[in-house]
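# Structure assessment
Single-letter residue listing:
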2 protein chains.
Amino acid sequence: MCETSNTNGAANGTNGASNGTANIGGDHQGANFRSNPYQPVGDFLSNVGRFKIIESTLREGEQFANAYFDTETKIKIAKALDDFGVDYIELTSPAASEQSRRDCEAICKLGLKAKILTHVRCDMRDAKIAVETGVDGLDVVIGTSSFLREHSHGKDMAYIEKTAIEVIEYIKSKGLEVRFSSEDSFRSDLVDLLSLYRAVDKVGVHRVGIADTVGCASPRQVYDLVRTLRGVVSCDIETHFHDDTGCSIANAYCALEAGATHIDTSVLGIGERNGITPLGGLMARMVVTSPEYVKGKYKLHKLKELEDLVAEAVEINTPFNNPITGFCAFTHKAGIHAKAILNNPSTYEILNPADFGLTRYVHFASRLTGWNAVKTRVGQLGLEMTDDQVKEVTAKIKALADVRPIAIDDADSIIRSFHLNLHEGPIETQSNGKAIHVEVRGDETTELATGA
Amino acid sequence: MCETSNTNGAANGTNGASNGTANIGGDHQGANFRSNPYQPVGDFLSNVGRFKIIESTLREGEQFANAYFDTETKIKIAKALDDFGVDYIELTSPAASEQSRRDCEAICKLGLKAKILTHVRCDMRDAKIAVETGVDGLDVVIGTSSFLREHSHGKDMAYIEKTAIEVIEYIKSKGLEVRFSSEDSFRSDLVDLLSLYRAVDKVGVHRVGIADTVGCASPRQVYDLVRTLRGVVSCDIETHFHDDTGCSIANAYCALEAGATHIDTSVLGIGERNGITPLGGLMARMVVTSPEYVKGKYKLHKLKELEDLVAEAVEINTPFNNPITGFCAFTHKAGIHAKAILNNPSTYEILNPADFGLTRYVHFASRLTGWNAVKTRVGQLGLEMTDDQVKEVTAKIKALADVRPIAIDDADSIIRSFHLNLHEGPIETQSNGKAIHVEVRGDETTELATGA
């Protein structure tokens, strides 16, 4: 069931550098990286080039403190996720409330391409309610850590295994897909966990799940556990990572390297506490590693729209530092960076903003600017200067930026005033006086008026 | 120079679970985790229990799109970082601008406990300006990737090595600490990199630096590269990770596991593009692994204040999902979570909010609530009900929450009305009618009025 050959990685010799910017100096990159041993070689265990997304904004995301999704919002989000290209959409258990049940039924009737799952406790009553909703499959969960066995449900491993098999066989008898997962897998006894998963694998469960419910796992722990499990079960392996210690994206990546097949995500990572692996952050990580697979499968240019939809629904702002869509994710400021970016964006970018329908900015109105960024701006203003003259005006811009924050139009004024003195005559201008960033998309250089 | 024995890990058998919540059921945790092979054993390479922080909010952070720090703000931030307990404070190059130079001098005169570094290009002119400022050390950097060699400075490896040695020897002759780092280490030729670092190690550089300048590295790549370098040089190893693909915290952790000694951070991760390893996120990761070291060394309860100071200075909001200080980092919502958290916070928390001077919330006014959370609330309201009665009123709360978002006072009204009907008399109340969250700190349960 789980094919683990990394076709993408093997075919392209992909690594952290063969990326979304491959259209710029792609051959050169390839030549460079072949000389670096720190790239994945053909790794038959790794699924970084062939993974599936179980999108849980409508389940895990509903557990986010601010989330209240009415039926209309749920449907809008489900359609947007389906359009983006996720493989599965996971919904809150229909046993949670009457409206949850009705919403589950409504989403099943939408006829989406994505498979619809619901997430239920390992309990026959919940399973029976769920199979009646029209879902394609059930994600069954029970806590296996001693914490949860003692403080939550109070059941022993023998009972868990017996119940698990009953529930799995019931769901399969209804012709539905079934996943069985522990909660808090990284604080569960390893031998108990492997015994349980081997037992459910034998009765034909479609996936087993590893869940870092408290967000304690570190990347190499994840690799080790998934790698071990990969040798024990033949079914697919789903993984679920909370972000309490900021490792949810990295842990998902290491799980795929170790042979996991499915990753749970939510839009912007919303979920219990500070949430889980964010869909957008995972896309950033995976498009760098497996550009063809990711760009061929997911509509990356719809990512921002999808994030905006969810952010509005739960009344949050996209974090300033969000991968890809954070407001400054493609803004370059230091002079040394700006110079190189203007020569070749791959120098300081591993992601190509154009892949996401976004643009990059080179910020030049600061004390950290360099003359190469200013030279580009001089050209955009339609002015002519020698390199020495550009260096002289750069010093003037840096001097003003030392005293107070300056907007782009301040910098433009300095450039124009300097140019005027050089030529003692009226100057041409293409600017309307608004603050302007230098925008560079691919090989083009254009201007964009912004509010500074 | 670099002692790599992980005293903390060895002494405590620490892992992802021996954490800030050790005061709650600590012995039990220990017993449980010893049975799980997925914990670090005594790993003499790992520095997860003895690392140093090079705090770069005033250098990398100044490259953040929104950052403009005047002298007063820089001093305020430097003092707050020093008070928090960081080992080093890194400042923008004094060669960047005249004000940068004066600010560097001013901060050196503050007499802070932290060592003051400045970050300069590998260029004798920059180094000469820097040594005059009174700093304790220089962080010297040059790009070694073929991208940067071609599109940025245009120099070959022989020239880089010669210049590096000159600059390092000059700085050492002035009695200062010196680090030498490549930029974009993960897209540099490995053999070039190791040759260069071996050469600078031989002339007595204090630290070499590995920098993921574009944010392309993945955790196991980091481990491999740092592990290899650890075998080549005897000096300390500093690491610097950008967050473009969301792995900056995980990469820092894996670097420490592989023998790195110093981690670069900035407050909230501010820096070029979407920034670098955030100080707070790193604290979250490390306090889980090495609670005694981290809690003994850093004033964790000052973290929020420090983040608020920087967020205000650069006009950003703390991300909703920020580790530790995100508004919902310690909020529990699903009924099954709330129940267990009320029994024992370790069930669904790997971090103890009290370590950071923060509190947890159990959210019970939603359709996902469970009767255990409601039972606690009933007790807080000073009411008495049987478990069956609590289950009945829980159903009523879930029914209302199904129809519209409800505040805590809505839930309280339902509980009171239900109780009134039971007893047909006036009810006691401790609430002032404002929305109230259930707040649980350690073993105490108190109330906190909030705006819902």
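Residues numbered from 1 in each chain as written. Chains lettered and ligands numbered in written order. Predicted model: local features only at pLDDT ≥ 70, side-chain atom pairs only at ≥ 80, totals over all residues. Heavy atoms only, no water.

## Let's talk about the sheet that holds strand β7 (residues 236–241) of chain A
Residues and elements named next belong to chain A. Sheet architecture is closed into a barrel: eight strands sit in the order β1-β2-β3-β4-β5-β6-β7-β8, paired in parallel fashion. The mean angle between the axes of side-by-side strands here comes to 25 degrees, regardless of whether they run parallel or antiparallel. Where strand β3 (residues 115–121) and strand β4 (residues 137–143) come together, five bridges link them in parallel fashion. Within β4, the position partnered with Val-120 by the bridge is Val-140. Along the sheet face, helix α7 (residues 157–173) touches β4 and β5 (177–183) and points at about 160 degrees away from the line of β5. Each of β1 (52–55) and β8 (262–265) touches helix α11 (residues 279–289); the most contacted strand, β1, lies at about 170 degrees to it. (Pairing = 2+ DSSP bridges. Helix = DSSP H or I, 4+ residues; strand = E, 2+ residues; numbered from the N terminus. Axes fitted to C-alpha atoms, helices over the stretch in contact; angles between N-to-C directions. Contact = heavy atoms within 4.5 Å.)

## Quick word on the domain arrangement of chain A
All names here are of chain A. By domain assignment, chain A separates into domain 1 (52–314) and domain 2 (331–422). Each of domain 1 and domain 2 has a C-alpha centre, and the two are 46 Å apart. Tallying the contact residues gives eight residues for domain 1 and six residues for domain 2. When domain 1 packs against domain 2, close to 580 Å² is buried across both sides, 77% of that on carbon and sulfur atoms. For the pair domain 1 and domain 2, the number of links is one salt bridge. (Domains from an automatic or database assignment. Buried area = accessible area lost by both parts, 1.4 Å probe. Salt bridge = Lys/Arg side-chain N within 4 Å of Asp/Glu carboxyl O.)

## Re the interface of chain A and chain B
Taken together, the contacts link 106 residues of chain A with 106 residues of chain B. Here chain A and chain B share two salt bridges between them. A salt bridge links Arg-220 of chain A to Glu-257 of chain B; its shortest N-O distance comes to 3.2 Å. Considering every element that reaches the side of chain A that touches chain B, the biggest residue donor is helix α9 (residues 219–230) of chain A, with seven residues. A breakdown of the residues in the side of chain A that touches chain B according to their chemical character gives 46 nonpolar, 37 polar and 23 charged. (Nonpolar A, V, L, I, M, F, W, Y, C, P; charged D, E, K, R; others polar.)

## Remarks on the pairing of strand β2 (residues 88–91) of chain A
Residue and element names in this part refer to chain A. Alternating positions in β2 separate into two faces, Tyr-88 and Glu-90 on one and Ile-89 and Leu-91 on the other, with burial throughout. For β1 and β2, the ladder comprises two bridges, and the chain directions are parallel. From the neighbouring strand, Ile-54 faces β2, where its bridge partner is Tyr-88. Assessed by its sense of winding, the connection that carries the chain from β1 through helix α3 (residues 71–84) to β2 is right-handed. In terms of strand pairing, β2 meets β3 through four bridges, oriented parallel. Each bridged residue has a counterpart across the sheet, and for Tyr-88 the counterpart in β3 is Lys-115. Between the parallel pair β2 and β3, the chain is carried across by helix α4 (residues 98–108), and the sense of this crossover is right-handed. (Buried < 20%, exposed > 50% of the residue type's maximum accessible area, 1.4 Å probe, protein only. Right-handed = clockwise from strand over helix to strand, strands pointing away.)

## Things to note about the pattern of salt bridges
Oppositely charged side chains are able to pair whenever their charged atoms sit close together. Summed over the entire model, instances satisfying the criterion amount to 54 salt bridges over all chains. The salt bridge partner of Glu-177 of chain A is Lys-115 of chain A, with a shortest N-O separation of 2.9 Å. Of this pair, Glu-177 of chain A sits in strand β5 while Lys-115 of chain A is found in strand β3, placing the two residues 62 residues apart along the sequence. On the basis of relative accessibility, which here comes to 36%, the residue Lys-115 of chain A falls in the partly exposed class. For Arg-207 of chain B, the salt bridge identified is with Glu-238 of chain B, shortest N-O distance 2.9 Å. Of this pair, Arg-207 of chain B sits in strand β6 (residues 207–212) while Glu-238 of chain B sits in strand β7 (residues 236–241), placing them 31 residues apart in sequence. No difference in accessibility class separates Arg-207 of chain B from Glu-238 of chain B, as the two residues are buried. Within the structure, one salt-bridge network assembled from shared partners comprises Lys-115, Asp-139, Glu-177, Arg-179, Arg-207 and Glu-238 of chain A.

## Observations regarding the relation of the copies chain A and chain B
Mapping chain A onto chain B is achieved by rotating through 180 degrees and translating by 0.0 Å along the same axis, at an RMSD of 0.0 Å. The transformation relating the two chain copies, once decomposed into turn and shift, fits a two-fold axis. Taking the C-alpha atom as reference, chain A places Pro-319 of chain A closest to the rotation axis, 2.3 Å from it. When you check the interface residues of chain A against chain B, 100% turn up at the interface there too, and the contact is symmetric in its surfaces. (Least-squares fit on C-alpha atoms with pLDDT ≥ 70 in both.)

## Some points on the confidence of the model for chain A
Residue and element names in this part refer to chain A. When pLDDT is averaged along chain A, the result is 83; 82% of the residues meet or exceed 70. Confidence drops under pLDDT 50 across residues 1–35; counting only partners more than four residues distant or on other chains, this segment forms 93 contacts. The low-confidence segment residues 425–452, where pLDDT is below 50, has 72 contacts with residues more than four positions distant or belonging to other chains. Across the interface, the model reports ipTM at 0.80; the global pTM reads 0.81. (pLDDT = per-residue confidence, 0-100.)

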